[in-house]
Amino acid sequence: MPELTYIEAINEALREEMRRDDRVFLMGEDIGAYGGAFKATQGLIDEFGAERVRDTPIAEAAIIGTAVGSAIVGMRPVCEMQFADFVSCGFDQIVNVAGKLHWRSGLAAPITVRLPAGGGVSGGPFHSQNPEAWFMHAPGLKVVAPSTPADAKGLLLAAIRDPNPVIFIEHKALYRRARGEVPAGDYETPLRARVVREGSDLTVIAYGAMVHTALEATQDLDASVEVVDLRCLAPLDTETVLASVRKCSKVLVVDEANEVGAAGAYVAAVIAERAFDDLDGPVRRVAAAQIPIPFAPQLEAATLPDAGRIREACLDLLEY
Amino acid sequence: MTPPHDLEHEAPTRAVSLQAAPGSSHDHLDLDDRRRLLHLMLTTRAIEERGLLLYKQGKVPGSFYDGRGQEATAVGATYALGADDPVCPLIRDMGAHVVKGTSTAGILGQYLGRAGGVSGGREGNVHFGDWHRGVIPMVSMLPDMMVVATGMAMGFRMRGERRCALSFFGDGATSRGDWHEAMNWAAVQQLPVIFVLENNQLAYSTPLTQQFRVNPVERAAGYGMPAVTVDGNDVEAVFDATREARLRALDGGGPTLIEAVTMRMHGHGAHDDAAYVSPEVLAAWQEKDPIVRQAQRLSALGVDVDAVADEVKAEVADALAEALAMPVPDPATILDGLYCESEPQIVGRGDAPWSGHGDEAWGGADA
């Protein structure tokens, strides 16, 4: 099996799906000749031309709104926000137009919006955010967040083919750092959670880059730690989450996002409500401090969760 | 209390004079078309009058909005569209739904919040669209649907389909960023889309002078987009301007902005007595009522306009009985359909009653 980086896997998924389905096209800022700010679409304009790899005006609302328009007349648009942070400029079109359309009328909006998200790269307050919880809260959207190259390809193929609007969270720090075996050719990864490492004493639940941090933090612990990668945040795979919690009886939920109202806050609430009798300790969380993500490496490191904080929380829990 | 706005004297500068669109619409409308336009406007008004009555009787939940006085704009513009040209109506555009063939009972059922209403009770009042007939349901945020229409036009271009999309919006909507994004995007990509600005003098209670300094129809030039101002209360003038814009769009000439100058004759909603509008202004606009105008035109041509009115009355009465008999929606169904679970359907074909549509329609939306 070929080894690819996370961003190579995304590029391959886009290329293969555009070959397979002529309804699929890409839109975004500087995604054509330049290949995108992170080079996710590099080389695609050469194969598919400027009509299917469309450089757009700097207009996030229009990127998403025109995607909806093209989708309801038969296209399958894949939009790139240059940085996940800029999705706030197109928030209304996602939440009010795309997300509600099928429930209110039966008309589907099969669009994919790719968001390069996450910190750890000294991006500062406007280039480091993890906005997934905004979209989990809005009905009608699916929110997907791969952690590995194989899942990045398989989940992106599943997202493009999904008949609903899918917010696809790509972690910038994984683009070139995460490398792994990626199956060649066509496959879809189900929008379900995955047990990355089996264990029996404690469950650590994470998604995106934090899956790697959680694995690193717990690899040398003198305990059997299960790590669950959520992969899809909305709809949430509560079955896999609850099964793991019931097995291990202790749980830590990790977000890289700001802690208040985060994806992990919802996961923790589901566990507290539905698996209370199975718990041998409190539901613990590790997440980013509730501040904008700072620029200076020392400040950013003090803000974002890291292996040390995760390890400490695990040790606390294991003592219950 | 603040005195009522003197809308006539406060209007922002306008270099484009208010005039009928060039070319005689009579060349493109036969007598049946002109009679049909009256029928469609009367139907629109009858539906909204009935809805208002139902609201006052306490039978309509929530709020109620109508487009009294603006029937010519929605009906005239939509009448120029082909079966495959989708339309994005806004709050004052019941006529667009009517022209595309949405059932009157479905609309009244919508007002009543019934299971048989167009949205099955999931939404109220004007928030619906029978997309199987090419009508895209609006959202309340302005002017979001202008961007969606632009996207449909982009889809037509990419698919090589000879179609266009049309979006309505009001003068107030021109202040939001989505207006700029849609205008710029459509012009840059030269997309087959028609923007119909219904200048009805008011955004809720806010007059034009507090909305913009330069009329949006003049701004169009800055985007590189042709624009025209028409009398929004003349259904044939609106039709003709839209017909020309549509031909431009289908022939690869890009988008057009049409400003239809009209007047909102009721409050923003049924709860609004519009005391901020002076009675003199309303009286002056009442003299320009679009339905009376078309009826007078047809009377002079020997058409029995009372017969048209009687037809409409009977049709709406039947539809009302049908709507009142519709069951209320079942609360057990609220979670259904949040996500699409099957291969998505796409926007369908609507009615295209204009006699001028030959075999030009692309005709593939059913596929």
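Below is a short write-up of the structure. (Residues numbered from 1 in each chain as written. Chains lettered and ligands numbered in written order. Predicted model: local features only at pLDDT ≥ 70, side-chain atom pairs only at ≥ 80, totals over all residues.)

### Observations concerning the overall build of chain A
On a plain count of helices and strands, chain A comes out with 11 helices and 14 strands. For a compact globule of 320 residues, the expected C-alpha radius of gyration is about 20 Å, and chain A comes in at 19 Å, within 12% of that figure. With the C-alpha coordinates aligned to their principal axes, the bounding extent of chain A is approximately 60 × 40 × 40 Å. When each of the 320 residues of chain A is scored for burial, the buried share is 59%. Of all intrachain contacts in chain A linking residues separated by at least 6 positions in sequence, the fraction that spans at least 24 positions is 78%. (Helix = DSSP H or I, 4+ residues; strand = E, 2+ residues; numbered from the N terminus. Rg over C-alpha atoms; globule rule 2.2 N^0.38 Å. Buried ≥ 20, exposed ≤ 12 C-beta atoms within 10 Å, placed from the backbone. Contact = placed C-beta atoms within 7 Å.)

### Regarding unusual backbone geometry
Glycine aside, residues mostly have negative phi angles, and peptide bonds mostly take the trans form. Following Ala234 of chain A, the chain continues into Pro235 of chain A via a peptide bond in cis, with omega recorded as -5°. Between Leu142 of chain B and Pro143 of chain B the backbone carries a cis peptide bond, its omega angle lying at -20°. You can see Pro143 of chain B is positioned in the loop between α5 (104–112) and α6 (144–159). At Ser122 of chain A, a position not held by glycine, the phi torsion is positive, near 50°. Among the residues examined, Ser122 of chain A registers 14 C-beta atoms within 10 Å and is labelled partly exposed. Positioned with a positive phi, Tyr204 of chain B is a non-glycine residue whose angle comes to about 50°. By the secondary structure assignment, Tyr204 of chain B is in the loop between β4 (202–203) and β5 (206–207). Residue Tyr204 of chain B is classed as partly exposed on the basis of its C-beta count, with 13 C-beta atoms lying within 10 Å.

### Considerations on the pairing of strand β7 (residues 166–171) of chain A
Residue and element names in this part refer to chain A. For β7, the tally of buried residues reaches 6 of 6 residues, placing the bulk of the element in the interior. Examined bridge by bridge, strand β5 (residues 112–117) and β7 share 6 bridges and lie parallel to one another. Paired with Pro116 across the bridge in β7 is Glu170. Strand direction decides the pairing type here: strand β6 (residues 142–144) and β7, joined by 3 bridges, are parallel. Looking across to β7, one finds that Val143 is bridged to Ile167. Each parallel crossover has a hand, and the one from β6 via helix α6 (residues 149–161) to β7 is right-handed. (Pairing = 2+ DSSP bridges. Right-handed = clockwise from strand over helix to strand, strands pointing away.)

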